[in-house]
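Notes for the structure review
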Amino acid sequence: MIKVSDSAKKKAIELMTDDGFDATQDFIRVGVKSGGCSGLSYELKFDNIQNNEDKLFEDNGVKILVDKKSFLYLIGTTLEYSGGLNGKGFVFNNPNANRTCGCGESFSL
């Protein structure tokens, strides 16, 4: 399961609408890829196509797609949004990460 905080929901709906997506029908696609200063980095984009191998989650009124490979790294993660002075943007609060980089965009297990 992947959870979505209230702040992430609000910002995601705003950005999806700005990009021509419908938050009631379309998805946030999250994933993990090799790279970043800690070994793995997060991906986030909007999508309107669900593939057969995708896992679909819905939390807080937001639909999230995760590919099978990335799901193993993201179990229990909460998607949050930080718009404070440091302007981080979307933040993955991942309980599986043993180490994260200073920017919070990459991690290792």
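This text gives an overview of the structure that appears in the document. Here, residues in each chain are numbered from 1, in the same order as that chain's written sequence. This being a predicted model, a pLDDT of at least 70 is required before a residue's local features are given, and a value of 80 or more before pairs of side-chain atoms are given or counted; all residues contribute to the totals for chains, interfaces and linings. Hydrogens and waters are ignored; side-chain quantities use all the structure's heavy atoms.

A word on the environment of Asp59
Counting through the fold element by element, Asp59 comes out in strand E4 (residues 55–59). Throughout this description, buried means an accessible area under 20% of the type-specific maximum (1.4 Å probe, protein chains only), exposed means over 50%, and partly exposed covers the range between. The class of Asp59 is buried, set by a relative accessible area of 15%. Considered as a pair, Asp59 and Met1 are 58 residues apart in the sequence and their alpha carbons are 8.7 Å apart. In this description, contact between two residues means that some pair of their heavy atoms is separated by no more than 4.5 Å. Apart from residues lying up to four places away in sequence, Asp59 is in contact with Met1, Ile2, Lys3 and Val4. We call two N or O atoms a polar contact when they sit within 3.5 Å, provided that within protein one can donate a hydrogen and the other can accept it, with sequence-adjacent residues counted only if both atoms are side-chain atoms. Looking at Asp59, its side chain comes within polar contact range of the main-chain nitrogen of Val4, at 2.7 Å. In this description a helix means any DSSP run of H or I spanning at least four residues, a strand means any run of E spanning at least two, and both kinds are numbered starting from the N terminus.

Re the pattern of salt bridges
Just to be clear on terms, a salt bridge is a Lys or Arg side-chain nitrogen sitting within 4 Å of an Asp or Glu carboxyl oxygen. In total, this model carries 3 salt bridges according to the counting rule given. The residue Lys11 makes a salt bridge to Glu14 at a minimum N-O spacing of 3.2 Å. Taken together, the positions of Lys11 and Glu14, both in helix H1 (residues 6–18) and 3 residues apart, correspond to about one turn of that helix. Glu14 sits in the partly exposed class, given a relative accessible area of 37%. Arg29 is paired through a salt bridge with Asp47; the nearest N and O atoms lie 2.8 Å apart. Remark: Asp47 occurs in strand E3 (residues 40–47) and Arg29 occurs in strand E2 (residues 27–34); sequence separation between them is 18 residues. Note on accessibility: Arg29 and Asp47 belong to one class, buried. Connected through salt bridges with shared partners, the residues Arg29, Asp47 and Asp54 form a single ionic network.

Overview of the nonpolar core
To qualify as a nonpolar core, a set must consist of buried Ala, Val, Leu, Ile, Met, Phe, Trp, Tyr and Cys residues joined through side-chain atoms within 4.5 Å. Ranked by size, the top nonpolar core spans 20 residues in total, and within it Ile2, Ile28, Val30, Ile64, Val66 and Leu74 carry the most contacts. For this core, the secondary-structure elements that each account for two or more residues are H1, E2, E3, strand E5 (62–66) and helix H2 (68–74). Among all residues touching Ile2, those that are not within four sequence positions of it are Val30, Phe57, Asp59, Ile64, Val66, Leu74 and Thr77.

Concerning the side chain of Asn94
Within the fold, Asn94 resides in the loop between strand E7 (89–93) and strand E8 (99–100). Within the structure, the side chain of Asn94 is placed 3.4 Å from the side chain of Thr77, a separation counted as a polar contact.

Looking at the packing of aromatic side chains
How two aromatic rings sit relative to each other is set out by the distance from centre to centre and by the angle between their planes. A pair of aromatic rings is counted whenever rings of Phe, Tyr or Trp (Trp by its six-membered ring) have centres within 6.5 Å, and the orientation is called stacked for planes under 30 degrees apart, edge-to-face for over 60 and tilted otherwise. Throughout the structure, instances matching the rule amount to 4 aromatic pairs. Ring geometry for Tyr42 and Phe92: centres 4.2 Å apart, planes at 10°, overall stacked. With Tyr42 in strand E3 and Phe92 in strand E7, this pair connects stretches of sequence that are 50 residues apart. Residues Tyr81 and Phe90 carry aromatic rings whose centres are separated by 5.2 Å and whose planes lie at 70° to one another, so their mutual orientation is edge-to-face. Cation placement over rings: the criterion is NZ of Lys or CZ of Arg within 6 Å of the ring centroid and within 35° of the ring normal. Looking at Lys55, its charged tip hangs above the ring of Phe71, at a distance of 5.1 Å from the centre.

Overview of the environment of Val4
Tracing the backbone shows Val4 in strand E1 (residues 3–4). On the basis of relative accessible area, Val4 is assigned to the buried category, the value being 6%. The sequence separation of Val4 and Glu58 amounts to 54 residues, and the corresponding C-alpha distance is 8.6 Å. Sequence-distant contacts of Val4, defined by excluding residues within four places in its chain, comprise Lys9, Asp59, Asn60, Val62, Ile64 and Leu79.

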